[in-house]
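What follows is each chain in one-letter form.
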Amino acid sequence: MAQNLQGKVALVTGASRGIGRATALALASEGAAVVVNYASSSSAATEVVAEIEAIGGSAVAFKANVANSDEVDQLIAATMEKFGRIDVLVNNAGITRDTLLLRMKLEDWQAVIDLNLTGVFLCTRAVSKIMLKQKSGRIINITSVAGQMGNAGQSNYSASKAGVIGFTKTVARELAPRAITVNAVAPGFIATDMTDGLKAEGILQMIPLARYGQPEEVAGMIQFLASSPAAAYITGQVFNVDGGMVMA
Ligand code: NAP
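Nothing here was measured: the structure is a model prediction, and the numbers come from that model. (Residues numbered from 1 in each chain as written. Predicted model: local features only at pLDDT ≥ 70, side-chain atom pairs only at ≥ 80, totals over all residues. Heavy atoms only, no water.)

S.K.: For the pattern of salt bridges, give the residues involved together with the corresponding values.
M.R.: For the structure on display, the rule yields 5 salt bridges. Residue Arg17 pairs with Asp193 through a salt bridge whose shortest N-O separation is 2.8 Å. Here Arg17, found in the loop between strand 1 (9-12) and helix 1 (18-29), pairs with Asp193, found in the loop between strand 6 (180-187) and helix 7 (200-205); they are 176 residues apart in sequence, far enough to count as distant. With relative accessibility at 43%, the residue Arg17 sits in the partly exposed group. (Salt bridge = Lys/Arg side-chain N within 4 Å of Asp/Glu carboxyl O. Helix = DSSP H or I, 4+ residues; strand = E, 2+ residues; numbered from the N terminus. Buried < 20%, exposed > 50% of the residue type's maximum accessible area, 1.4 Å probe, protein only.)

S.K.: Which residues make up the site of the ligand, and what values do they have?
M.R.: Taken together, 31 residues form the shell around the ligand, and within it Ser16, Ser40, Ser41, Tyr157 and Thr192 come nearest. The backbone of Val66 places a nitrogen or oxygen atom 3.1 Å from a nitrogen atom of the ligand. Summarising the interface, the protein chains cover 93% of the accessible area of the ligand, which totals 900 Å² for the free molecule. Put simply, the parts of the chain that give the shell around the ligand at least two residues each are helix 1, strand 2 (33-38) and helix 6 (155-175). (Near = heavy atom within 4 Å. Polar contact = N/O pair within 3.5 Å; in protein donor to acceptor, adjacent residues only side chain to side chain. Areas by Shrake-Rupley, 256 points an atom, 1.4 Å probe, with all protein chains shown as cover.)

S.K.: Explain the pairing of strand 6 to me, using residue names and the numbers behind them.
M.R.: Remark: a regular strand shows side chains that alternate across the two faces of the sheet. In terms of burial, strand 6 is largely enclosed, as 8 of its 8 residues are buried. Going residue by residue along strand 6, you find Ile180, Val182, Ala184 and Ala186 tucked away on one face and Thr181, Asn183, Val185 and Pro187 tucked away on the opposite face as well. The pairing of strand 5 (residues 137-142) with strand 6 spans 6 bridges and is classified as parallel. Within strand 6, the residue paired with Arg138 across the bridge is Thr181. Strand direction decides the pairing type here: strand 6 and strand 7 (residues 238-241), joined by 4 bridges, are parallel. Within the sheet, the bridge partner assigned to Ala184 lies in strand 7 and is Val238. (Pairing = 2+ DSSP bridges.)

What follows is the structure, given as structure tokens:
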């Protein structure tokens, strides 16, 4: 199999679990050295690193809260010290704090915006400086169908994810002259810890394919955008991996 990311370095935020974990493994399978960022699950992150090493890959786990500007700077500095370059950034770390608008506390709003939107800004700003010097790079932001169609109980989350879409399109225009592409992937309902407590019954009725997606199915799209030579001509787009929930 062709290893399109041989010699490249990928930074995946929130890679200890779920979609980020599957993405780290998928990019490593293409030959990338991977930085497995996490917030608190150090043993899960260490396991992801071990799985990558087991397939002959190279990876390191770095703890950082990507909603915090100083910690993002430390994460990028540690990555550069270890691997010397960053070719792929996957802005994946995200949280939910669901409740209806009238019950939503400012802290629930702020926590979600701080990580899901400001975190994407902080990581992209820091990494784009490096990619601009390299005159190449792929940035993939994880948004959500909630940012496209709304979802009752998720005003904070859907606002953050809609923000990511606007951010993606603007930054794609700004970075295009240096051959850096910026795209977004919008998952629907994916079987991870994030969706674990949800009642599947009503949800499945909204999904034409009538099942939750697997993290590996989202990682496949991210892998394509990050590693395929054909993806070099794709920027500023949003790709849904949602079992047909959103058909534009
Ligand atoms: P998940 O299983 O809950 O995993 C979240 C990951 O983010 C974990 O690795 C976690 O690290 C990390 N994280 C949390 N807070 C962080 C912080 N402050 N700094 C750095 N990392 C942090 O989530 P998931 O379902 O895989 O979701 C991944 C992304 O896909 C999110 O952006 C989510 O909004 C989006 N998405 C998910 C779905 C879905 O149905 N699952 C649908 C649409 C979009 P720790 O393990 O250390 O806590």
